[in-house]
Amino acid sequence: MAALPVPLLALALLLLAGCGGPGAAGQRRKEMVLSEKVNQLMEWASKRSVIRMNGDKFRRLVKAPPRNYSVIVMFTALQPHRQCVVCKQADEEYQILANSWRYSSAFTNKIFFAMVDFDEGSDVFQMLNMNSAPTFINFPAKGKPKRGDTYELQVRGFAAEQLARWVADRTDVHIRVIRPPNYAGPLMLGLLLAVIGGLVYLRGSNLDFLYNKTGWAFAALCFVLAMTSGQMWNHIRGPPYAHKNPHTGQVNYIHGSSQAQFVAETHIVLLFNGGVTLGMVLLHEAATSDMDVGKRKIMCIAGIGLVVLFFSWLLSVFRSKYHGYPYRYV
């Protein structure tokens, strides 16, 4: 092929430089695709804080490059026939977190919140080899999710505040959680004060009930049982009530780790501690009361039975959480 004259060659080089060449065209193409994806996500986020995705949307907007934004995805199973109570509870907290971000003054297109329901995106569950729900995963702006990008639900619980701390750790986006007004606490406090005020008014001339040792002892015992069963931990961490595998349908009420617990587990432990306490009370009454010998023997046998039975169950819960513990009661 004949060589181009020098002026024509220079003109061609100038045109090529002005166009940027194939690399620049590819860059512009990538920027256009990225702009379309961001605009689409922003449009959906303006209508709904948590973007619902099926398999196609997930692969196009979350998995496929280019992407300069992070996506927090909750994989769940909210359909009624799945009977996933934990999924519904986690969804409520997730909605609170997403709304707090969407309606905050710091809202940007740096991070989006999305959801993939098993019945709408089962292919996504298979692609990611997931067999349980709910699960939270952060898909970072660059690269693939690392180990820390999967939220430790059973350890941290699904409270919106805990999720916000994890999001801040993974994305450097700090979200101030704003919960809807909850008047249950003030109403209960007002009701309690009204009851106390009513009792004082009705029995103003006789306040001996305030010095009732049995009543105060029972109230203190209830408080101690609630605290020793882990109710304060539940209040701080916000764990799920139980865990149900959406595939097998198996429900776990006792967490398998010593570093976490379910709400149902605290109720079970409270019941067992209460049974042991009742047995000890019966044994004490059998030893110190003035009843006849026959009734005291019955109380003694019942007390021993309650202590042995409930303490054995309590120890079995301990063994299930601390694997390898060698001792058992019964």
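Residue numbers restart at each chain and count upward from 1, following the sequence in its written direction. The model is predicted, so local features are restricted to residues of pLDDT at least 70 and side-chain atom pairs to those at 80 or more, both for listing and for counting; the totals for chains, interfaces and linings are taken over all residues. Excluding hydrogens and water, the side-chain figures rest on all heavy atoms present in the structure.

An unreviewed UniProt entry lists the chain under the name Dolichyl-diphosphooligosaccharide--protein glycosyltransferase subunit MAGT1, with Machaerirhynchus nigripectus as the source organism. Quoted straight from UniProt, the Pathway (unreviewed entry) entry for the chain says "Protein modification; protein glycosylation." Per UniProt, the chain carries the Sequence similarities (unreviewed entry) text "Belongs to the OST3/OST6 family." UniProt positions are given in the numbering used here, feature names are shortened, and annotations may be inferred rather than shown by experiment.

Enquirer: Describe the overall build of the chain, listing the residues and the values that go with them.
Expert: Numbering of helices and strands runs from the N terminus; a helix is a DSSP stretch of H or I covering at least four residues, while a strand is a stretch of E covering at least two. A tally of helices and strands in the chain yields 12 helices and 6 strands. By the burial criterion, 35% of the 330 residues in the chain qualify as buried. Of all intrachain contacts in the chain linking residues separated by at least 6 positions in sequence, the fraction that spans at least 24 positions is 67%. Burial classes follow relative accessibility: with a 1.4 Å probe on protein chains only, a residue under 20% of its type's maximum area counts as buried, one over 50% as exposed, and anything between as partly exposed. Residues count as neighbours in contact if any of their non-hydrogen atoms are within 4.5 Å of one another.

Enquirer: An account of the layout of surface pockets is needed here, citing residue identities and associated values.
Expert: In this structure, the largest pocket encloses a volume near 300 Å³. Considering the residues around the largest pocket, the lining is formed by 16 residues, among which Gln261, Glu265, Val269, Lys321 and Tyr322 are closest to the centre. At the level of secondary structure, the elements contributing two or more residues to the lining of the largest pocket comprise α11 (263-288) and α12 (293-321). The element best represented in the lining of the largest pocket is α12, accounting for 5 residues. As a working rule, the residues Ala, Val, Leu, Ile, Met, Phe, Trp, Tyr, Cys and Pro are called nonpolar, Asp, Glu, Lys and Arg charged, and the rest polar, with Gly in that last group. Residues belonging to the lining of the largest pocket are distributed by class as follows: 8 nonpolar, 6 polar and 2 charged. Computed over the protein atoms alone on a 1 Å grid, cavities are sets of points where a 1.4 Å probe fits but cannot get out and pockets are open sets with protein on both sides within 12 Å along at least five of seven lines; a residue lines them when it has an atom within 4 Å of a point. Grid points are joined across faces, edges and corners, and a volume is the space filled by probe spheres set on the points.

Enquirer: With reference to specific residues and values, describe the state of the cysteines.
Expert: Counting rule for disulfides: a pair of cysteine sulfur atoms within 2.5 Å. Applying the stated criterion across every chain yields a total of 1 disulfide. A sulfur-sulfur distance of 2.1 Å marks the disulfide that ties Cys84 to Cys87. Of note, the bridge from Cys84 to Cys87 carries an S-S torsion of about 70° and is right-handed in sense. Residue Cys84 is classed as buried on the basis of its relative accessible area, which comes to 4%.

Enquirer: How would you sum up the pattern of salt bridges? Please name residues and give values.
Expert: Any carboxyl oxygen of Asp or Glu within 4 Å of a side-chain nitrogen of Lys or Arg constitutes a salt bridge here. Within this structure, the stated rule accounts for 10 salt bridges. Between Glu265 and Lys321 there is a salt bridge, and its shortest N-O distance comes to 3.1 Å. One end of the pair, Glu265, is in helix α11; the other, Lys321, is in helix α12, and 56 residues separate them in sequence. Of the two residues, Glu265 and Lys321, neither departs from the other in class, the shared state being buried.

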